[in-house]
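Structural description and commentary
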Amino acid sequence: AEAEAVAALSGAEREKSLAYLKQKALSVQMPHAERREVQAKLKAIGDAVVAAGKEEAKRRAEAAAAEGARLAEGAEEGSAFTALLEGEADAKAVDAAVQAFKAAAPKTAVLLLGVHKGATSCYAAVPDDLQGKGLSAKEWVNAALASINGKGGGSAAKAQGNSRESEGLDACLGAAKEAAAAKLG
């Protein structure tokens, strides 16, 4: 009965209740056959949680990619573009947005930020001609994330980074714009 109640929950509440029930199933005395049945129900619920999480991550990535393509429409060729994605955007979603942006505006440098569960992800891509002017994606990501105690890595062409913080994103975007302007003029 408790397993069915947990199955009806959603999100973090379901995950927390599922963990509690798994622990409870291990500590309560019951016949072996009944324990297997309970564990099978809990596994099915756990599998549903994982599937729902994957579907949600896919939805976030698709929405971020669409937003990245929209953002590229207003980007000036040969410039550096920075933005914070709307809504929840984990690292995979931010990467999808950057890839979509690059496909739509290949001659524009892009640095995008996304926030998911209180953490910030950052991806940047810099075309060859702007690398030649001194703009490095790796340096750009680190300049942006420094203001929120984050760091990144990668190459001059593409870099990523993150921070456990999501406060101060205006300063983060400002630092990214300043770093790009210092290199590109």
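For the structure, see preceding data.
If you're wondering where the values come from, they're calculated on a predicted model, not measured in any experiment.

1. Looking at the packing of helix H3 (residues 32-73) against helix H4 (residues 91-104)
Put simply, H3 and H4 touch, their axes get as near as 7 Å, and they point 35° apart. Like other packed secondary-structure pairs, H3 and H4 cross with a definite hand, here right-handed. Between H3, through Arg60, Ala61, Ala64, Ala65, Gly68, Ala69, Leu71 and Ala72, and H4, the contact on the second element is made entirely by Ala93, Ala96, Ala97, Ala100, Phe101 and Ala104. Split by residue class, the contact of H3 with H4 holds twelve nonpolar, one polar and one charged.

2. A short note on unusual backbone geometry
The phi dihedral of Lys117 is positive, around 55°, even though this residue is not glycine. Within the secondary structure, Lys117 is located in the loop between strand S2 (109-116) and strand S3 (119-125). Given the relative accessible area of 70%, Lys117 is considered exposed. We note that Asn149 has phi near 60°; this positive angle belongs to a residue other than glycine. With a relative accessible area of 61%, Asn149 lands in the exposed category.

3. Some points on the packing of helix H2 (residues 11-27) against H3
Contact geometry of H2 with H3 gives a least axis separation of 10 Å together with a crossing angle of 160°. The angle between H2 and H3 falls in the class roughly antiparallel. Regarding H2 and H3, the two cross each other, and that crossing is left-handed. Each of Arg14, Glu15, Leu18, Leu21, Lys22, Ala25 and Leu26 in H2 lies in contact with H3, whose residues at this interface are Arg35, Val38, Gln39, Leu42, Ile45, Gly46, Ala48, Val49 and Ala52. Taken together, the residues of the contact of H2 with H3 break down into ten nonpolar, two polar and four charged.

Rules of the game
Residues numbered from 1 in each chain as written. Predicted model: local features only at pLDDT ≥ 70, side-chain atom pairs only at ≥ 80, totals over all residues. Heavy atoms only, no water. Axes fitted to C-alpha atoms, helices over the stretch in contact; angles between N-to-C directions. Helix = DSSP H or I, 4+ residues; strand = E, 2+ residues; numbered from the N terminus. Left-handed = near helix turned anticlockwise from the far one by under 90°. Contact = heavy atoms within 4.5 Å. Nonpolar A, V, L, I, M, F, W, Y, C, P; charged D, E, K, R; others polar. Buried < 20%, exposed > 50% of the residue type's maximum accessible area, 1.4 Å probe, protein only. Parallel < 35°, antiparallel > 145°, perpendicular 65-115°, else oblique.

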